Structure formats: C-alpha cells, structure tokens
Amino acid sequence: MKNTLYKIIVLLFLVGVYSNCTSETEKQVDKTNKLLDNGMRLVVEKTNEITKEIGVFSKHNYRTTRSYTYKFTVDGGDVNWDGGSGEPKHILFCENAVYVHYLKEKYITLEQRNSGDPNIEYNESVNNVKEVFELYIDNRYFFKLFGDDYWVEITPESYENKKISCKEYDIPNDNELSLIILDKDG
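What comes next is a walk through the structure. Chains are numbered independently. Their residues run from 1 in the order of the written sequence. The model is predicted, so local features are restricted to residues of pLDDT at least 70 and side-chain atom pairs to those at 80 or more, both for listing and for counting; the totals for chains, interfaces and linings are taken over all residues. In computing side-chain properties, one takes all heavy atoms of the structure into account and sets aside hydrogens as well as water.

**Comments concerning the pattern of salt bridges**
- One side-chain nitrogen of Lys or Arg within 4 Å of one carboxyl oxygen of Asp or Glu is enough to make a salt bridge. A full pass over the atoms with the stated rule returns 12 salt bridges.
- In this structure, the salt-bridge partner of K27 is E49, at a minimum N-O distance of 3.9 Å. Here K27, found in strand β1 (residues 21-35), pairs with E49, found in strand β2 (residues 41-55); they are 22 residues apart in sequence, far enough to count as distant.
- Judged by relative accessible area, K27 falls into the exposed class, the value being 59%.
- A relative accessible area of 27% places E49 in the partly exposed class.
- Note that E176 and R66 form a salt bridge whose closest N and O atoms lie 3.0 Å from each other. Here the residue E176 occupies a position in the segment after β9 (167-170), and R66 occupies one in strand β3 (residues 61-74), the gap between them amounting to 110 residues.
- When a residue's accessible area, from a 1.4 Å probe over protein chains only, is under 20% of the maximum for its type it is buried; when over 50% it is exposed; and in between it is partly exposed. For R66, a relative accessible area of 46% corresponds to the partly exposed category.
- Here the salt bridges do not stand alone but share partners, grouping K46, R66, D174 and E176 into one network. Here a helix means four or more residues in a row that DSSP labels H or I, a strand means two or more in a row labelled E, and each is numbered from the N terminus.

Okay, structure coming up:
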C-alpha cells in the first residue's frame, strides 16, 4: 500500500512537471510612413506578437499563437486611431472631417445539438470578417491637452456618399483580412 502511494505521488509529480509550460513572446513593431498628396503624413504601426508555450522539461512546443494590432496617426497625433485587431484599408479626408474604413474579425459561436443525444451540445466558432466605417470626432481643446477624441461608427452608405466629394487614400497594411464576395451561384 505504501509503495503504491509513493508511485502515485511520483506519477502525479511527473505529470505536473511535464505539463507545465513557459511562455515565450516575440514582439515585432513595423512602422510605415506615407506622405499623402494633401500634405499630411500618415504613420501606420503594426505590432505582431507570436507566443509559444514550451514544455519546461520536454522543450516541446505545445502551442503557438499569433496576434497583431494596428494603429495609425495623421500629422503627428492630430488624428489617432487604435483599431486593435482591425485592419485599416482607407482613410477619407473631407473639409472638416476624417473617416476610416477597416475590416475587423468577428468570432461567432454556434451552438448545435448532437442528433443522436439531445442532451449533448457542442460549440463551434466561425470566423467572420466585418466591414466597418467610422467618423473621427475631436473634442480636444487648449492645444489638445484637454477634452477627448474618439471614433463613431457610421453607415456604409454615408461613407460612400462622402467619397463623392472627398479624397480617399489607401492605408498601408498586410492584407491579412479581406471580404469574401460570393457570386450568386455560391
């Protein structure tokens, strides 16, 4: 009995040791400067992070995850956008307003029941890309030290109407997100 108890303790210790992982994160920041023909400077910053979970003793890579975030500024901070995992595609300059068009990943969880047993459920995550349009609101004052600036979502139709009379520019990005447009046959 005592011998069996020692074996169980040693086994639990080994399982615990081998299942422990350390995380190693690599971070890479890329900045792209673009002088627009309206005289404004656009600075796009993309941060890539790769995290690896490595076994303490086995040195086996159990999981690798990758994430990225985008930010941009116009004219050294006159306009700021931090879209997180959204990927900026276009910026639109009107006389007194700035708009952005970007794509954002949205995860949808579907719950379905197993047809054999109504008590068993499973979840499935589906990745969906959503098109977003926003207007920049700047309520800062006194050399932009006080107040707040933020983005508000607008309709795609409103953005399209503004494109008629305003100047749109492409925003440098890695084209990781795109809309899949299916024809009528699927």
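This is not the end of the story, as more comes after the structure.
**Some remarks on the pairing of strand β4 (residues 79-84)**
- One requirement defines pairing of two strands: DSSP has to find at least two bridges between them. For β3 and β4, the ladder comprises 5 bridges, and the chain directions are antiparallel. Looking at the pairing, Y70 lines up with G84 of β4.
- Counting the residues in the hairpin turn of β3 and β4 gives 4 residues, including D75, whose phi is positive at 50°.

**A few points about the packing of aromatic side chains**
- Any pair of Phe, Tyr and Trp rings, taking the six-membered ring for Trp, is counted once the centres come within 6.5 Å. Such a pair is stacked with planes under 30 degrees apart, edge-to-face with planes over 60 apart, and tilted for the rest. Scanning the model with the defined rule gives 10 aromatic pairs in all.
- With a centroid separation of 6.4 Å and an interplanar angle of 75°, the aromatic rings of F72 and W151 are classed as edge-to-face. Of this pair, F72 sits in strand β3 while W151 sits in strand β8 (residues 149-154), placing them 79 residues apart in sequence.
- By way of ring pairs, the aromatic residues F72, W81, Y102, Y136 and W151 are connected into one cluster.
- Over the ring of Y68 we find K46, and its NZ or CZ is 5.1 Å from the ring centre.
- Between the NZ or CZ atom of K167 and the centre of the ring of Y169, over which it lies, the distance is 5.4 Å. Both a distance and an angle decide whether a charge sits over a ring: NZ of Lys or CZ of Arg must be within 6 Å of the ring centre and within 35 degrees of the ring normal.

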